[in-house]
Amino acid sequence: MSCGHDHDHDTLDAAAIDRTLGAAEARCTAEGERMTAPRRRVLELLLAAGEPVKAYDLIARYGTDGQAAKPPTVYRALEFLERKGMAHRIASISAYVACAGSSDGADHAAAFLICDCCGAAQEVTTPVGQTFALAADAAGYAIDRITIEGHGRCSDCRTA
């Protein structure tokens, strides 16, 4: 999505991506899981993108030699990363992002501010998720994950 004006959205540098991948691998090992090569590659692509990425774009970008991945490879990796809290799916735009809200894998409500002009998404902390989880608990529900999505325009798009 392009809106015709400049943006200053943050992306991670190579060192930060390597640190995050290392921490993810260490967490997997500590939890008795494996950070397989496909899981690592998909997380690396999400981290490098710095913005929501559709699954078919991950499939196309997957191979380092220009070779696309087989769709089940990417979808299985995404399912694992979501389950472990390392990535989130933003349902309203059918895209995925690396989790910015919890580096230790602690459960949290993922809340996103999504720009309808440029497509940027920012993960933010909000007490709404905790309130929602408490309401669900009071109603007898066991919530597995919460994703809150707010649509609007980012500061760059608002001032352009």
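Basis of the calculations
Residues numbered from 1 in each chain as written. Predicted model: local features only at pLDDT ≥ 70, side-chain atom pairs only at ≥ 80, totals over all residues. Heavy atoms only, no water. Helix = DSSP H or I, 4+ residues; strand = E, 2+ residues; numbered from the N terminus. Rg over C-alpha atoms; globule rule 2.2 N^0.38 Å. Buried < 20%, exposed > 50% of the residue type's maximum accessible area, 1.4 Å probe, protein only. Contact = heavy atoms within 4.5 Å. Areas by Shrake-Rupley, 256 points an atom, 1.4 Å probe, with all protein chains shown as cover. Lys, Arg positive; Asp, Glu negative; His and termini not counted. Charge placed at Lys NZ, Arg CZ, Asp CG, Glu CD. Axes fitted to C-alpha atoms, helices over the stretch in contact; angles between N-to-C directions. Left-handed = near helix turned anticlockwise from the far one by under 90°. Salt bridge = Lys/Arg side-chain N within 4 Å of Asp/Glu carboxyl O.

**Thoughts on the overall build of the chain**
Then comes step 1: Each helix and strand in the chain was counted, giving 6 helices and 5 strands.
Then comes step 2: Whereas a compact globule of 160 residues would reach a radius of gyration of roughly 15 Å, the chain reaches 16 Å, a difference of no more than 12%.
Then comes step 3: Across the 160 residues that make up the chain, the buried fraction comes to 35%.
Then comes step 4: Sequence separation of at least 24 residues holds for 57% of the intrachain contacts in the chain that already meet a minimum separation of 6.
Then comes step 5: Of the accessible surface of the chain, which amounts to about 9,600 Å², a share of 49% is contributed by carbon and sulfur atoms.
Then comes step 6: For the chain, the separation between the mean place of its 16 positive charges and that of its 22 negative charges on side chains is 6 Å.

**Here's the deal with the packing of helix α1 (residues 14–30) against helix α2 (residues 37–49)**
Each pair of packed helices can be summarised by the angle the axes make with each other and by the distance between the axes.
Then comes step 1: Running from amino to carboxyl end, α1 crosses α2 at an angle of 140°, the nearest separation of the two axes being 10 Å. Considering only the axes of α1 and α2, their crossing is right-handed. Taking contact as the criterion, the partners of Ile-17, Thr-20, Leu-21, Ala-24 and Glu-25 in α1 are, on α2, Arg-40, Leu-43, Glu-44, Leu-47 and Ala-48.

**Let's talk about unusual backbone geometry**
Then comes step 1: Notably, Ser-94 is not glycine yet its phi reads approximately 50°, a positive angle.
Then comes step 2: Here Ser-94 lies in the loop between β1 (87–90) and β2 (95–98).

**A look at the environment of Gly-119**
Then comes step 1: Its place among the elements puts Gly-119 in the loop between β3 (110–115) and β4 (121–124).
Then comes step 2: Judged by relative accessible area, Gly-119 falls into the buried class, the value being 16%.
Then comes step 3: Considering only alpha carbons, one finds Gly-119 and Arg-153, 34 residues apart in sequence, at a separation of 8.9 Å.

**Thoughts on the pattern of salt bridges**
Then comes step 1: Enumeration over the complete set of coordinates arrives at 7 salt bridges.
Then comes step 2: Between Glu-31 and Arg-27 there is a salt bridge whose closest N-O contact spans 3.3 Å.
Then comes step 3: On the basis of relative accessible area, Arg-27 is assigned to the buried category, the value being 11%.
Then comes step 4: Notably, a salt bridge pairs Lys-84 with Glu-31, separated by 2.6 Å at the nearest N-O pair. Linking Lys-84 in the loop between α4 (71–83) and β1 with Glu-31 in the loop between α1 and α2, this pair joins segments that are 53 residues apart in sequence.
Then comes step 5: Relative accessible area serves as the criterion here: at 14%, Lys-84 is assigned to the buried category.
Then comes step 6: Connected through shared salt-bridge partners, Arg-27, Glu-31, Glu-33, Glu-79, Arg-83 and Lys-84 make up one network.

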